[in-house]
Amino acid sequence: MSFGKRSAGDPRPAQAPAQVQQSQESDGVISVRTRVSNHGGLDKGFIGLAAGVVILSASGAIAAPSLFGMFGSGMRPISEIVTGLGPDQIKAALATEAFPDERGRAFMASLEQHFSQSYQQLLGDLTNAASTGADRDGLVITVNAWSLDFGSDNLEYFGRTGVEGFDEMLDIASEGLAVMNKELGSCKLDALQKLVADPMSLASLTGYGSDAYKTSMRANAAFVEFAARGRKAPAPVTTLNADDSNALQSVFFSIITDPQMMNLVQNAMWTSSGTPEQMQQAVAENIDFCQIGRTVIAKLDRLPSGTKSRLLAAAFSGDLLNGGPMMGMGGLEMSAPLLGPPQGIPPEVMKRLRELQ
């Protein structure tokens, strides 16, 4: 989902008793840390990598198009709804008619119940958009813009929801990948990069009634519900223990030894011609993002329940939110070449990689 500003009536998250070490400010270049520490622990960069892949999977689905159109002939156009009404009347009408589908109603009802001030703020934004000619696709864009700020102020609440919140995030990401695979027809990175690079295309592909819209509204409603739970929950432990690090290392090496991932690393290691940009493009053309996303989700789903809870809390803790991996992936630092093998790979894994030549 996209995320929103805290309104005056929404309480702030309590300070967590244990904090992860502050990430160094990023210089704005998107990069990925893949180094495993020498002491057997797992760098928090991998936490961001794993969670980031899941979030990107769900986010990519929101941008995927579908040509569903209307849900029913009885739904009135926004222009008809707002004609002749004042601002307060428009707000009251949009509360029930802006998103009359099942998932849209569920999101609005949950927001009104749990975050009343934020609900009023969103209705105000929708009213302003509708008053200036926005149709339902325009109102969807308004929700996405509003939710960017709402989410950024409530991520720490979501991080308190433990294994249930973690599993819900994975489930929504899985639905997102299915939508992306169906609607785009291809999950190759070059196609996704072209889509992301064109804001106009992204806006035009986010249509009301599409499968992507349904996934987005499901994510919005789930985030609100879980943030409401987390707001009442005690601050969690945000420090990973030795068992967590061992479990995550096992997941990490399981991911990089997946056949497709090994082919990716192999191509990166032994491609010597061309510029780095040309090398990246050549590798990207052979990546099935949906397949990699499904692999990562399946591996993360097998983590122990306790590790899931602490990982979610650490990923969304205050320290990591301040320029960390959840805020645009800028906090993920590079400790190895972008297309090269990660440091710390065991010798037997490197041997298997070379045997693929």
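Computed from a predicted model, the values in this text were never measured in an experiment.

Caption draft 1: Up close: the overall build of the chain. Of regular secondary structure, the chain possesses 17 helices and zero strands. Taken over 357 residues, the chain has a buried fraction of 52%. Once local pairs closer than 6 in sequence are excluded, the contacts in the chain between residues at least 24 apart make up 84%.

Caption draft 2: Structural view of the packing of aromatic side chains. Considering all chains together, one arrives at 11 aromatic pairs under this definition. A centroid spacing of 6.4 Å and a plane angle of 35° characterise the contact between Phe-99 and Tyr-213, whose relative ring orientation is tilted. One end of the pair, Phe-99, is in the loop between helix 3 (87-97) and helix 4 (102-114); the other, Tyr-213, is in helix 10 (residues 211-232), with 114 residues separating them in the sequence. Of the two residues, Phe-99 and Tyr-213, neither departs from the other in class, the shared state being buried. On the basis of an interplanar angle of 90° and a centroid distance of 5.1 Å, the ring pair of Phe-115 and Phe-150 is categorised as edge-to-face. Here Phe-115 is found in the loop between helix 4 and helix 5 (116-131), whereas its partner Phe-150 is found in helix 6 (residues 136-158), with 35 residues between them in sequence.

Caption draft 3: Spatial organisation of helix 7 (residues 162-184). The terminal C-alpha atoms of helix 7, which comprises 23 residues, lie 33 Å apart, in line with the 33 Å expected from a rise of 1.5 Å per residue. Taken together, the buried positions of helix 7 are Gly-162, Gly-165, Phe-166, Met-169, Leu-170, Ile-172, Ala-173, Glu-175, Gly-176, Leu-177, Val-179 and Met-180. A positive backbone phi angle near 80° is found at Gly-185, which sits one or two residues after helix 7.

Caption draft 4: The environment of Ser-147, seen in detail. Topologically, Ser-147 is positioned in helix 6. On the accessibility criterion, Ser-147 (0% relative accessible area) is buried. Spatially, the C-alpha atoms of Ser-147 and Ser-118 are 9.7 Å apart, while their sequence positions differ by 29 residues.

Caption draft 5: The nonpolar core, seen in detail. Ranked by internal contacts, the top residues of the largest apolar core, which has 67 residues, are Phe-99, Phe-107, Leu-111, Leu-126 and Leu-139. Each residue touching Phe-99, except ones within four places of it in the same chain, is listed here: Gly-104, Arg-105, Met-108, Leu-126, Leu-139, Val-140, Val-143, Tyr-208, Tyr-213 and Met-217.

Caption draft 6: Molecular detail of helix 6. Between its first and last C-alpha, helix 6 extends only 28 Å over 23 residues, short of the 33 Å set by a 1.5 Å rise per residue. Considering bend angle alone, the principal kink of helix 6 is centred on Ser-152 and spans about 45°. Where helix 6 begins, one side-chain oxygen reaches toward the backbone nitrogen of Asp-137, 3.2 Å away; that side chain belongs to Asp-135.

Caption draft 7: Spotlight on the packing of helix 4 against helix 5. Viewed as axis vectors pointing N to C, helix 4 and helix 5 meet at an angle of 130°, and their least axial separation amounts to 5 Å. It follows from the interaxial angle that helix 4 and helix 5 lie oblique. Contact residues: Phe-107, Met-108, Leu-111, Glu-112 and His-114 in helix 4; Ser-116, Ser-118, Tyr-119, Leu-122, Leu-123 and Leu-126 in helix 5. Of the residues belonging to the contact of helix 4 with helix 5, the class tally is seven nonpolar, three polar and one charged.

Caption draft 8: Structural detail: the pattern of salt bridges. Scanning all chains against the criterion turns up 10 salt bridges. Here Asp-244 makes a salt bridge to Arg-310, at a shortest N to O gap of 2.6 Å. Of this pair, Asp-244 sits in helix 11 (residues 242-256) while Arg-310 sits in helix 15 (residues 305-315), placing them 66 residues apart in sequence. The exposure class assigned to Arg-310 is partly exposed, which follows from its relative accessible area of 25%. Bridged by salt links that share partners, the residues Arg-103, Glu-168, Asp-171, Glu-175 and Arg-218 form one connected network.

Caption draft 9: Examining the packing of helix 7 against helix 14 (residues 289-301) more closely. At a minimum axis distance of 10 Å, the contact between helix 7 and helix 14 shows a crossing angle of 160°. Classified by the angle their axes make, helix 7 and helix 14 are roughly antiparallel. Every pair of crossing elements has a handedness; the one defined by helix 7 and helix 14 is left-handed. Within the contact between the two elements, helix 7 uses Phe-166, Asp-167, Leu-170, Ala-173, Ser-174, Leu-177, Met-180 and Asn-181 and helix 14 uses Phe-289, Cys-290, Gly-293, Arg-294, Ile-297, Leu-300 and Asp-301.

Caption draft 10: Region of interest: the environment of Asp-244. Classification of Asp-244 by relative accessible area gives buried; the value is 0%. Residues Asp-244 and Thr-307, 63 residues apart in the sequence, show an inter-C-alpha distance of 5.3 Å. Once residues within four sequence positions are removed from consideration, Asp-244 is found in contact with Gly-306, Thr-307 and Arg-310.

Caption draft 11: Broad picture of the confidence of the model for the chain. On average, residues of the chain score 73 in pLDDT, and 61% of them reach the 70 mark or higher. Mean pLDDT per element in the chain: helix 1 (residues 44-63) is the minimum at 46, and helix 5 is the maximum at 97. Across residues 2-6, confidence stays below pLDDT 50; counting only partners more than four residues off in sequence or on other chains, it has 33 contacts. In this model, residues 53-73 is a region of pLDDT below 50 whose contacts with residues beyond four sequence positions or in other chains number 57 contacts.

Caption draft 12: Representation of the environment of Val-237 in the model. As for its placement among the helices and strands, Val-237 is situated in the loop between helix 10 and helix 11. Here Val-237 falls in the partly exposed class, since its relative accessible area comes to 49%. Sequence-wise, Val-237 and Ser-317 are 80 residues apart; in three dimensions their C-alpha atoms are separated by 9.5 Å.

Conventions adopted
Residues numbered from 1 in each chain as written. Predicted model: local features only at pLDDT ≥ 70, side-chain atom pairs only at ≥ 80, totals over all residues. Heavy atoms only, no water. Helix = DSSP H or I, 4+ residues; strand = E, 2+ residues; numbered from the N terminus. Buried < 20%, exposed > 50% of the residue type's maximum accessible area, 1.4 Å probe, protein only. Contact = heavy atoms within 4.5 Å. Phe/Tyr/Trp six-rings, centres within 6.5 Å; stacked < 30°, edge-to-face > 60°. Expected span 1.5 Å × (residues − 1). Core = buried A, V, L, I, M, F, W, Y, C linked by side-chain atoms within 4.5 Å. Bend = angle between axes of the 7 residues up to and from the residue. Polar contact = N/O pair within 3.5 Å; in protein donor to acceptor, adjacent residues only side chain to side chain. Axes fitted to C-alpha atoms, helices over the stretch in contact; angles between N-to-C directions. Parallel < 35°, antiparallel > 145°, perpendicular 65-115°, else oblique. Nonpolar A, V, L, I, M, F, W, Y, C, P; charged D, E, K, R; others polar. Salt bridge = Lys/Arg side-chain N within 4 Å of Asp/Glu carboxyl O. Left-handed = near helix turned anticlockwise from the far one by under 90°. pLDDT = per-residue confidence, 0-100.

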